[in-house]
Amino acid sequence: MLGPVRRLGALAVARIEGLGRMTVFLGQVGRAMLRPPVRIGYVVRAVYDSGVLSIALICASGATVGLVLGLQLHNTLSRFGAEESLGTAVGLSLIRELGPVLTGLLVTGRAGSAATAEIGSMKASEQLDGLRMMAIDPIHFVVMPRALGLAIVMPLLSALFIFFGIFGAYLIGVEVLGLDAGSYLSRLENAVDFREDVLQSLVKASVFGILLGWIATWRGYACEPHAVGVSRATTSTVVTASVCILLADYVLTALWGV
Amino acid sequence: MSGTAKLRPLPGEFNPLVIRAEAEVAHVELCDVDLAFGRRVVFEGLTCRFPRGRISVIMGGSGLGKSTILRMIGGLQPPDRGRVLVSGQDTVGLGESAMAQVRRKLGMLFQNGALLDSMTVFENVALPLREHTRLCADEIAHQVHDRLQAVGLPDVDDLLPGELSGGMLRRAAFARAIVMAPEILLCDEPFSGLDPPNVSRIEVLLQHLNRALGLTLIVTSHHMATSLRMAEQLLLLQDRSVVSGAPAELAASRESAIAEFIGEDGAEFLARHLESSPQGSKP
Ligand SMILES: Nc1ncnc2c1ncn2[C@@H]1O[C@H](COP(=O)(O)OP(=O)(O)OP(=O)(O)O)[C@@H](O)[C@H]1O
Ligand SMILES: [Mg+2]
């Protein structure tokens, strides 16, 4: 009779224990960032792997979302006879919401999963233990550069996404639907506040980047050391990080209006 | 770290029949260790000691826990109970940074090499030097090439581990394990997957390291002939426990499990080997 209750309890304890370990891990990664030697080379490499190699994806997705947004918002706005506000609507929705969130989800799929898989397979093939035996801390050598890389690239890629989104909507609004180019841009410029919108958008994207860096590296670091474990960890990174990004988005928007 | 290269006199009159491992100073010691993975009990009350400056070979069937013993010594696998002493220091429960200090005395060759995939062979071997010494690039290159030469891999600098064969991989990993001149070298199956010339190359190299630098060697191996030839102390793993002694003692043992493991071939080989080199001197 007590079986299910006991199992539920055990599950809850395991979850809480997992969260505790994850928090300790975050502390270790944070401390590793402050500890010499500074691994600039490895951080640059991680930025390249997760950032530069995602540029094409982000540009293409940003432009596509911009195109769709241009069409949809034009359709909506024209019902109120407010087509001229297309610049405002596109700009604000991309900057405040869609840019950071969609970039977060895309980077999770493209670079977060790759970070998990890489760290996980290093664990499975005893490369992390090999580092330990050479008295090199794998958190400092492997994990920290990748986590930092993800955190750094997220706001940059989000800005790129937004730029291409605005460009896509411009193409639809001005070149296809025949709005006035000047009014599209000046409406956009007037509506967007640097502190309120742009900075906060970057803050949001940075939060997503830190979340993703944390989750992706933790999943890899804690995965079971075999092929199945690595693939499970990779899937779990995509699911967990995506959900966390969406939740964090709500929390940030609701509490701080970011 | 280079201070570890203490020269000790060559044990010229060394005779494996006389050596009593128990009488010597233990460099590494496992005391009353229990270890289980879930319900699978691997060790129960395991006690064994590895004398300083000697070659100890751990033998035993697959899955009996040879690699696990090395992992426990390296602090990668904490025992459930018991003590693991390295140079007299109990390493169980040490934090990562304290353990890192202990590991600076240790070198380890992993069963599958464990080289970093993303770095070339040269960078892999150079890594410990770059991390822990202030040597200049030339000096590092010199040392790395020296070690790679010693394991018979003269021109693989720019290859990635994925581009090496299995045997080359283990030799490259071996070069990395010895590049810092550790006091204690843990080798997990150094001979498996090697062709006969390379087996003897590694054997000679191990013995040289042991003789010239006084390295304490702890080797696991299935390679009967080489093990019997090299070992100053032989540890035979049995289910959950261990029997240890000089090879000749074990070979003379009447206990059925030991005789069975060493086998007639092994006993015969050992008898011949001891006969042909009455001083127990080695190549
Ligand atoms: N991480 C682990 N989780 C569960 N069981 C493990 C783990 N590591 C080792 N074992 C178990 O411990 C036992 C000893 O493993 P170990 O790798 O030390 O064997 P071995 O003697 O080195 O074998 P081989 O000669 O095949 O290399 C095995 O039975 C294995 O099932
Ligand atoms: Mg093994």
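This structure is a prediction, so every number in the text was calculated from the model and none was measured.

## Some words on the overall build of chain A
In step 1: Helix and strand counts for chain A come out as 9 helices and 0 strands.
In step 2: Reading the helices (α) and strands (β) of chain A from amino to carboxyl end gives α-α-α-α-α-α-α-α-α.
In step 3: Dimensions along the principal axes, computed over C-alpha positions, put chain A at roughly 65 × 55 × 30 Å.
In step 4: Here chain A, with 258 residues, has 44% of them falling under the buried criterion.
In step 5: A separation of at least 24 residues holds for 83% of the contacts in chain A among residues at least 6 apart in sequence.
In step 6: Accessible surface, chain A as shown: approximately 12500 Å² in total, 70% of it carbon and sulfur.

## Some words on the pairing of strand 1 (residues 26-37) of chain B
All names here are of chain B.
In step 1: Looking at chain direction, strand 1 and strand 2 (residues 40-51) are connected through 8 bridges and run antiparallel. Residue pairing across strands places Val33 opposite Leu46, the latter belonging to strand 2.
In step 2: Hairpin connection of strand 1 to strand 2: 2 residues between the antiparallel strands, including Gly38 at a positive phi of 60°.

## Notes on the interface of chain B and chain A
In step 1: Of the residues lining the interface, 23 residues belong to chain B; the matching set on chain A comes to 16 residues.
In step 2: Summing the contributions of chain B and of chain A, the shared interface buries around 1700 Å²; its carbon and sulfur component is 59%.
In step 3: For chain B, the biggest contributors to the area lost against chain A are Arg103, Leu116 and Glu131 of chain B; these three give 25% of the whole.
In step 4: At the surface where chain B touches chain A, the tally comes to 4 salt bridges.

## Looking at the coordination of the magnesium ion (ligand 2)
All names here are of chain B.
In step 1: Coordination of the magnesium ion (ligand 2) by the protein comes from Ser67 (OG) and Gln111 (OE1), over a distance range of 1.8 to 2.3 Å. On the criterion of sequence distance, the pair formed by Ser67 in helix 1 (residues 66-73) and Gln111 in the loop between strand 6 (106-109) and helix 3 (121-132) is long-range, its members being 44 residues apart.
In step 2: Relative accessible area serves as the criterion here: at 39%, Gln111 is assigned to the partly exposed category.

## Brief notes about the sheet that holds strand 2 of chain B
Residues and elements named next belong to chain B.
In step 1: Taken together, 4 strands build an open sheet; the order of strands is 2-1-4-5 and the sheet is antiparallel. Only two strands of the sheet have a single partner each, and these edge strands are strand 2 and strand 5 (89-90).
In step 2: Of the pairings in the sheet, the one linking strand 4 (residues 81-86) to strand 5 comprises 2 bridges and is antiparallel in character. Its bridge partner being in strand 5, Val86 is matched across the sheet by Gln89.
In step 3: Lying over the sheet, helix 1 contacts strand 1, strand 2 and strand 4, oriented at roughly 115° with respect to strand 1.

## Some thoughts on the site of ligand 1
All names here are of chain B.
In step 1: As a structural note, the neighbourhood of ligand 1 is formed by 14 residues, with Arg40, Ser62, Lys66, Ser67 and Thr68 the closest of them.
In step 2: A distance of 2.5 Å separates an oxygen atom of ligand 1 from a polar side-chain atom of Thr68.
In step 3: In this structure, an oxygen atom belonging to ligand 1 sits 2.8 Å away from a side-chain N or O atom of Gln111.
In step 4: Considered on its own, ligand 1 offers 630 Å² of accessible surface; in the complex 65% of this is hidden by protein.
In step 5: The set of elements that each furnish at least two residues to the shell around ligand 1 consists of strand 2 and helix 1.
In step 6: Residue contributions to the shell around ligand 1 peak at 3 residues, all from helix 1.
In step 7: Counted by class, the shell around ligand 1 contains 3 nonpolar, 8 polar and 3 charged residues.

## Some remarks on a nonpolar patch on the surface
In step 1: A cluster of nonpolar side chains, contributed by Tyr48, Val52, Leu53 and Ile55 of chain A, occupies part of the molecular surface with about 330 Å² of accessible area.
In step 2: Among the secondary structure elements, Leu53 of chain A is positioned in the loop between helix 2 (40-50) and helix 3 (55-79).

## Side note on the confidence of the model for chain B
Residue and element names in this part refer to chain B.
In step 1: The pLDDT averaged across chain B works out to 82; a share of 81% of its residues lies at or above 70.
In step 2: Note on residues 1-22: pLDDT is under 50 here. Beyond four places in sequence and across chains, it has 42 contacts.
In step 3: A low-confidence stretch, residues 278-283 (pLDDT under 50), is modelled with 13 contacts involving residues beyond four sequence positions or located in other chains.
In step 4: Two numbers describe this predicted complex: its pTM, 0.87, and its ipTM, 0.83.

## Considerations on empty space enclosed by the protein
In step 1: As enumerated under the stated definition, the model contains 2 cavities of 30 Å³ or more in all.
In step 2: Approximately 200 Å³ is the volume found for the largest cavity.
In step 3: If you trace the largest cavity, you find 20 residues lining it, with Met133 and Met134 of chain A together with Leu106, Gly107 and Arg176 of chain B closest to the centre.
In step 4: Among the residues forming the lining of the largest cavity, the class breakdown is 13 nonpolar, 4 polar and 3 charged.

## Points about the nonpolar core
In step 1: Residues Val107, Leu131 and Phe141 of chain A together with Leu127 of chain B are the most contacted members of the largest nonpolar core, which totals 54 residues.
In step 2: For this core, the elements supplying multiple residues, two or more each, are helix 1 (3-34), helix 3, helix 4 (86-124), helix 5 (127-133), helix 6 (138-176), helix 7 (181-191), helix 8 (194-221) and helix 9 (227-256) of chain A.
In step 3: Take this core: its biggest share by element is 15 residues, from helix 6 of chain A.
In step 4: The residues touching Leu131 of chain A, leaving out its near neighbours within four places in the chain, are Ile136, Pro138, Phe141 and Val142 of chain A together with Leu116 and Leu127 of chain B.

## A few points about helix 8 of chain A
Residue and element names in this part refer to chain A.
In step 1: With 28 residues, helix 8 ought to run about 40 Å at 1.5 Å a step, and its terminal C-alpha atoms sit 38 Å apart, in line with that.
In step 2: At Gln200, helix 8 shows its largest bend, some 25°.
In step 3: Near the N-terminus of helix 8, the side chain that reaches the backbone nitrogen of Arg195, with its oxygen 3.2 Å away, is that of Asp193.

Rules of the game
- Within each chain, residues carry numbers counting from 1 in the order of the written sequence.
- As a convention, the first chain written is A and the first ligand written is 1, with the rest following in written order.
- Per-residue local features of the predicted model are confined to residues with pLDDT of at least 70, and side-chain atom pairs are confined, for both listing and counting, to 80 or more; whole-chain, interface and lining totals are unaffected and use all residues.
- Think of the side-chain values as coming from all heavy atoms in the structure, minus any hydrogens and water.
- Secondary structure elements follow DSSP: runs of H or I of four or more residues count as helices, runs of E of two or more count as strands, with numbering from the N terminus.
- Whether a residue is buried, partly exposed or exposed follows from its accessible area with a 1.4 Å probe, protein chains only, as a fraction of its type maximum: under 20%, in between, or over 50%, in that order.
- Residue contacts are counted whenever heavy atoms from the two residues lie within 4.5 Å of one another.
- Throughout, the Shrake-Rupley method with a 1.4 Å probe supplies accessible areas, and for residues the shown protein chains are the sole cover considered.
- Two strands pair under a simple rule: DSSP has to find at least two bridges between them.
- Buried surface area refers to the total accessible area, computed with a probe of radius 1.4 Å, that the two partners give up upon joining, counted for both partners together.
- Salt bridges are defined as contacts in which a side-chain nitrogen from Lys or Arg sits within 4 Å of a carboxyl oxygen from Asp or Glu.
- The donor set comprises N, O and S atoms within 2.8 Å of the metal, extended to 3.2 Å for Na, K and Ca; water molecules are omitted, so apparent gaps in a site may simply reflect that omission.
- To get an axis, fit a line to the C-alpha atoms, keeping to the stretch in contact for a helix; angles then go from 0 to 180 degrees between the N-to-C directions.
- Neighbouring residues are identified by heavy atoms, a residue being near a molecule or strand if any of them is within 4 Å of it.
- Nitrogen and oxygen atoms within 3.5 Å of one another constitute a polar contact, given that in protein one can donate a hydrogen and the other can accept it, and given that sequence-neighbouring residues count only through two side-chain atoms.
- Three categories are distinguished: nonpolar for Ala, Val, Leu, Ile, Met, Phe, Trp, Tyr, Cys and Pro, charged for Asp, Glu, Lys and Arg, and polar for the others, with Gly belonging to the last.
- To count toward a patch, a residue needs a relative accessible area over 30% and no salt bridge; like charges are then connected within 9 Å, while nonpolar side chains (Val, Leu, Ile, Met, Phe, Trp, Tyr) are connected within 5 Å.
- You can read pLDDT as the predictor saying how much it trusts each residue, on a scale of 0 to 100.
- In this analysis the probe radius is 1.4 Å and the grid spacing 1 Å, with only protein atoms considered; a cavity is a set of points the probe fits into but cannot get out of, a pocket is an open set with protein on both sides within 12 Å along at least five of seven lines, and lining residues have an atom within 4 Å of a point.
- Grid points are joined across faces, edges and corners, and a volume is the space filled by probe spheres set on the points.
- Only buried residues count toward a nonpolar core, which is a set of Ala, Val, Leu, Ile, Met, Phe, Trp, Tyr and Cys residues joined through side-chain atoms within 4.5 Å.
- The span you would expect from a helix comes to 1.5 Å times its residue count less one.
- A residue's bend is the angle separating two fitted axes: one through the seven residues that end there, the other through the seven that start there.

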